[in-house]
Protein chains: 4
Amino acid sequence: MTGPKQNVGRPRDAQIDDAIVRATRELLVERGYAKLTMDAVAKRAGIGKAAIYRRFATRQEMIFAATVHGMEEQPPPDSGTLRGDLAAVCRTIAAQLGAAPPDVLHGLLADIHADQALGARFTGSFIGREQYVLGEVLDRALARGELAAMPDVRVVHALLIGPVFFWLLILIGDREQVAALSATVAESVADSLVKG
Amino acid sequence: MTGPKQNVGRPRDAQIDDAIVRATRELLVERGYAKLTMDAVAKRAGIGKAAIYRRFATRQEMIFAATVHGMEEQPPPDSGTLRGDLAAVCRTIAAQLGAAPPDVLHGLLADIHADQALGARFTGSFIGREQYVLGEVLDRALARGELAAMPDVRVVHALLIGPVFFWLLILIGDREQVAALSATVAESVADSLVKG
Amino acid sequence: MTGPKQNVGRPRDAQIDDAIVRATRELLVERGYAKLTMDAVAKRAGIGKAAIYRRFATRQEMIFAATVHGMEEQPPPDSGTLRGDLAAVCRTIAAQLGAAPPDVLHGLLADIHADQALGARFTGSFIGREQYVLGEVLDRALARGELAAMPDVRVVHALLIGPVFFWLLILIGDREQVAALSATVAESVADSLVKG
Amino acid sequence: MTGPKQNVGRPRDAQIDDAIVRATRELLVERGYAKLTMDAVAKRAGIGKAAIYRRFATRQEMIFAATVHGMEEQPPPDSGTLRGDLAAVCRTIAAQLGAAPPDVLHGLLADIHADQALGARFTGSFIGREQYVLGEVLDRALARGELAAMPDVRVVHALLIGPVFFWLLILIGDREQVAALSATVAESVADSLVKG
DNA sequence: CAATAACCGAGACGGTACGTCTAGTCTTCCC
DNA sequence: GGGAAGACTAGACGTACCGTCTCGGTTATTG
């Protein structure tokens, strides 16, 4: 076993976890992803840099944790139709994507894809979770008889989330319209799946 | 008259422009976006750093220029149907997106959105060009009578390109399947537009 | 209170101070003043450049500190005569001037006189110290009755040290002869002062 | 024979020689030796850099030429005494040294001693000329019977010019007092030589 | 009077060092 | 052992300057 012994010595101060997250989010908004420095986070949080690196291995992990916090996405309550379920999933993910400034998400994605290991973790946890949720929704539709066969979840994922992602992060489109876009996409994807 | 003086002093060496672009692309493939350094580009190209900074104000501009070279996208030949035109547009853009490694595109997008001015230029030139092409395609459909009214080009853009973008850059999906995905998306979007 | 906070944070590593001084002196001898680079010093000392710039604001200050180390010159023991005292002072200073290669001293003097602040520090500390020592020696001669009145210390400084300085740094003369030159100068200056 | 053929092609523009010298002197006064750049000289003189490098091999040579111009020092008219001749030589050299700002002379000396070849040229031409003049003066004294034997010219050089050099360049002393210092030095050296 | 050869201003070129900055690690004293 | 403070290594950044070279063009002498 590596790492510090458990239950020995001074326990970590939980307030510091909060302070790091808060400082990171503030500075992300104030200065943007590229100009966020570890020294600035430490100073803003009123702590030492070591306290950060005791919790997160890299800058990317810290921002990841401070930004993408609650990744415990759950399958939506059964709405009774595939279209309704897909719309619910889409809205939830769109809300998460819209919560952070675009430059933060782009910076994070760049860092994630710059590093093999981080990329794998991201795909495994985050992407995987979304596809698990979609899988559940599709299973329900299969059980209901809406679908004749199980489609490729990855393709459905791209069809459903791609447009919203593109709207928010590439077109930097109006966030008010995302709800309408989600509905359109859900309907279109559901029709497409049911039909073929 | 703005711009550099004409016909005065030693002209810029066109071979150097090429050498920079070539070195940048090579190093991007060999080391990835994050590990590309200006010194490395200069050394590989056999030139001084000053020659780079005389042409590009920042690292980002250099990579942008070296990567996103020919942005002279044209409306596709009229296929006779909205679905066919959309599929053609989608395939073209998908091919461009698939040409560069994902980490390069993510790095570029991050840098683009980190800087206000660069973001505006990107949107104006690149995004704008794509939407102009889509507008032409939609105009044809309107003229044909396939569409009753002109839809929001930005929404169509997101619906059409979003899934492909997501597939290639977020899911890091199989590139062989992009053609099939493009077809699916084009059909779905065309149906959706014709119907509503 | 000015200056860095006491007893807070990691203290500066005294070994690094030594390493910088040692590396600077070695490279000064090996390559000369003009070809001494900060990167070379850092590499030779096995440290980062930041550790140097944390201690010295500029290249000049670093070389100054590494070269002009012990400026704690003391009045020589009373030899009983003005001539003997002057010869002792002259020999000491000649030995210091002869310790460093001429190009180092010229480089240093050039940098010192290129910067107002550095020039003032040099004059105040180094020149001032030498003139303090000369003043003590002249006071003794006055007390002995060798001198009727106190001469201008600055003039005596120039008369005594000027020839040795010129010999070593401008004529690049034989260093063996400096002792004889010192004796000649001391005698000549002492005679001149006593007489007039 | 290397170099361009004589009397063939367009002759050099004499106005440019002047313009370079003038621009160099002006900028030396305005910015000092260390901050004088070739581009600045060219711009100020309204010429291209190539025109400078066609005339001078290096920055140092240019400043040397612009500063130390007339090095055609001649033996002074016979004053009838060694003391008088030495005072005349000393005053002449002091006037030359006092003509340029101290930082320029220090910068020049540093550059001269940074390069082996330049150092040799400087010693051979400039130092050599001064010692030739001194030799003439000493020959006269020998002929007059003031001196019993020929002293070492280099030592006389150091004794005579050293104090003035030190006063002007190291002590940065009052330039009004240099005349008096020259007289004192000349008397002291003459006495010293005659005596022994 | 045309050809030749060296000149000219402007400014791009390769190279090199500068002083700054940041990430992630380490060290001190304190609790 | 955790924490704050801050020094540490490593290495890229963008700037500045040097001395050279190249462009279009000019001005003398030579043939």
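As the structure is a prediction and not an experimental result, all values here were calculated from the model.

Within chain A one finds nine helices and zero strands. Counting helices and strands in the order they occur from the N terminus, chain A gives α-α-α-α-α-α-α-α-α. Taken along the three principal axes of its C-alpha coordinates, chain A extends 60 × 40 × 30 Å. Out of the 196 residues in chain A, the part that is buried amounts to 48%. For chain A, contacts bridging at least 24 residues in sequence account for 67% of all contacts bridging at least 6. Accessible surface, chain A: about 9,900 Å² in total, of which carbon and sulfur atoms supply 54%.

Time to look at the UniProt feature "transmembrane region" (unreviewed entry) in chain A. The sites that UniProt annotates as "transmembrane region" (unreviewed entry) are residues 155-172 of chain A. Overall, residues 155-172 of chain A shows 89% helix and 0% strand. The separation of its end C-alpha atoms is 24 Å.

With that out of the way, let us pick up the protein's contact with DNA strand E. Neighbouring DNA strand E are 47 residues, the closest being Arg54 and Arg55 of chain B, Tyr53 of chain C together with Ile47 and Arg54 of chain D. Within 4 Å of the protein, the atoms of DNA strand E are drawn from sugar and phosphate moieties in a proportion of 72%. Side-chain polar atom of arginine 54 of chain B to a phosphate oxygen of DNA strand E: 2.5 Å apart, as the coordinates give it. The separation between a phosphate oxygen of DNA strand E and a polar main-chain atom of methionine 38 of chain C is 2.7 Å. Elements that contribute at least two residues to the surface near DNA strand E include exactly helix 3 (49-53) of chain A, helix 3 (49-55) of chain B, helix 2 (38-45) and helix 3 (49-55) of chain C together with helix 3 (49-55) of chain D. Here the surface near DNA strand E is composed, by residue class, of 18 nonpolar, ten polar and 19 charged.

Within the structure shown, the criterion is met by 15 aromatic pairs over all chains. The interplanar angle of 85° and the centroid separation of 6.4 Å between the aromatic rings of phenylalanine 64 of chain A and phenylalanine 122 of chain A together place this pair among those described as edge-to-face. Within this pair, whereas phenylalanine 64 of chain A is found in helix 4 (residues 59-67), its partner phenylalanine 122 of chain A is found in helix 7 (residues 116-144), the two being separated by 58 residues in sequence. For phenylalanine 122 of chain A, a relative accessible area of 9% gives the class buried. The interplanar angle of 70° and the centroid separation of 5.4 Å between the aromatic rings of phenylalanine 166 of chain C and phenylalanine 165 of chain D together place this pair among those described as edge-to-face. On the criterion of chain membership, the pair formed by phenylalanine 166 of chain C in helix 8 (residues 153-170) and phenylalanine 165 of chain D in helix 8 (residues 153-170) is interchain, its members lying in two chains. Classification of phenylalanine 166 of chain C as buried rests on a relative accessible area of 2%. Here the aromatic cluster, defined as three or more aromatic residues joined through ring pairs, consists of Phe165 and Phe166 of chain A together with Phe165 and Phe166 of chain B. If you follow arginine 154 of chain A out to its NZ or CZ, it ends over the ring of tryptophan 167 of chain B, 5.2 Å from the centre.

Moving on, we come to the side chain of arginine 55 of chain A. Residue and element names in this part refer to chain A. Looking at where arginine 55 falls in the secondary structure, it is placed in the loop between helix 3 and helix 4. In terms of polar contacts, arginine 55 uses its side chain to reach the backbone carbonyl oxygen of alanine 51, at 2.8 Å. With sequence-adjacent residues up to four places away left out, arginine 55 is seen in contact with Arg12, Asp13, Ile16, Asp17 and Ile20.

Glancing now at the relation of the copies chain C and chain D. Between the two copies of the chain lies a relationship made up of a rotation around an axis and a movement along it. Structural alignment of chain C on chain D gives an RMSD of 0.5 Å, achieved by rotating through 179° and translating 0.0 Å along the axis. Put plainly, the chains are arranged around a two-fold axis. Relative to the rotation axis, the C-alpha of glycine 162 of chain C is the closest in chain C, positioned 2.1 Å from it. Both copies present the same face, since 100% of the interface residues in chain C are matched by interface residues at the equivalent positions in chain D.

Nothing in chain A touches chain D; the tightest C-alpha to C-alpha distance between them is still 34 Å. Separated without contact, chain B and chain D have their nearest C-alpha atoms at a distance of 10 Å.

A separate point is the packing of helix 4 (residues 59-67) of chain C against helix 6 (residues 102-114) of chain C. Residues and elements named next belong to chain C. Following both chains from N to C, one finds helix 4 and helix 6 inclined at 130°, their axes separated by 10 Å at the closest point. As far as their axial angle goes, helix 6 and helix 4 are oblique. Between helix 4 and helix 6 the crossing geometry is left-handed. Side by side, helix 4 and helix 6 meet where Arg59, Gln60, Ile63, Phe64 and Thr67 of the first sit next to Val104, Leu108, Asp111 and Ile112 of the second. In terms of residue class, the contact of helix 4 with helix 6 is built from five nonpolar, two polar and two charged.

This brings us to helix 8 (residues 153-170) of chain A. Residue and element names in this part refer to chain A. Its 18 residues give helix 8 an end-to-end C-alpha distance of 24 Å, which sits within 8% of 26 Å, the value for a rise of 1.5 Å per residue. The principal kink in helix 8, of about 40°, is found at isoleucine 161, preceding the proline proline 163 by one to four residues. For helix 8, the tally of buried residues reaches 16 of 18 residues, placing the bulk of the element in the interior. Between the side-chain oxygen at the start of helix 8 and the backbone nitrogen of arginine 154 there is a gap of 2.9 Å, and the oxygen is on aspartate 152. Once helix 8 finishes, isoleucine 172 follows within two positions and takes phi at roughly 50°, a positive value.

Our focus in this paragraph is unusual backbone geometry. Across the chain, the bulk of peptide bonds are trans and the bulk of non-glycine residues have phi less than zero. Although it is not a glycine, isoleucine 172 of chain A adopts a positive phi angle of roughly 50°. By secondary structure assignment, the location of isoleucine 172 of chain A is in the loop between helix 8 and helix 9 (178-195).

Between the two copies, chain B and chain A, the superposition gives an RMSD of 0.3 Å; the rotation angle is 179° and the shift along the axis is 0.0 Å. Interface overlap between copies is the fraction of interface residues in one copy that are interface residues in the other; for chain B against chain A it reaches 100%, indicating a shared surface.

Let's shift gears to the interface of chain C and chain D. Each partner contributes to the interface: chain C provides 37 residues, whereas chain D provides 37 residues. In this assembly, chain C and chain D are joined by four salt bridges. Close ionic contact of lysine 195 of chain C with aspartate 191 of chain D constitutes a salt bridge, the shortest N to O distance being 2.8 Å. Counting every contact that joins chain C to chain D gives nine residue pairs in polar contact (both at pLDDT 80 or more).

Conventions adopted
- Residues numbered from 1 in each chain as written.
- Chains lettered and ligands numbered in written order.
- Predicted model: local features only at pLDDT ≥ 70, side-chain atom pairs only at ≥ 80, totals over all residues.
- Heavy atoms only, no water.
- Helix = DSSP H or I, 4+ residues; strand = E, 2+ residues; numbered from the N terminus.
- Buried < 20%, exposed > 50% of the residue type's maximum accessible area, 1.4 Å probe, protein only.
- Contact = heavy atoms within 4.5 Å.
- Areas by Shrake-Rupley, 256 points an atom, 1.4 Å probe, with all protein chains shown as cover.
- UniProt positions renumbered as here; feature names shortened; annotations may be inferred.
- Near = heavy atom within 4 Å.
- Polar contact = N/O pair within 3.5 Å; in protein donor to acceptor, adjacent residues only side chain to side chain.
- Nonpolar A, V, L, I, M, F, W, Y, C, P; charged D, E, K, R; others polar.
- Phe/Tyr/Trp six-rings, centres within 6.5 Å; stacked < 30°, edge-to-face > 60°.
- Lys NZ or Arg CZ within 6 Å of the ring centre and 35° of its normal.
- Least-squares fit on C-alpha atoms with pLDDT ≥ 70 in both.
- Axes fitted to C-alpha atoms, helices over the stretch in contact; angles between N-to-C directions.
- Parallel < 35°, antiparallel > 145°, perpendicular 65-115°, else oblique.
- Left-handed = near helix turned anticlockwise from the far one by under 90°.
- Expected span 1.5 Å × (residues − 1).
- Bend = angle between axes of the 7 residues up to and from the residue.
- Salt bridge = Lys/Arg side-chain N within 4 Å of Asp/Glu carboxyl O.

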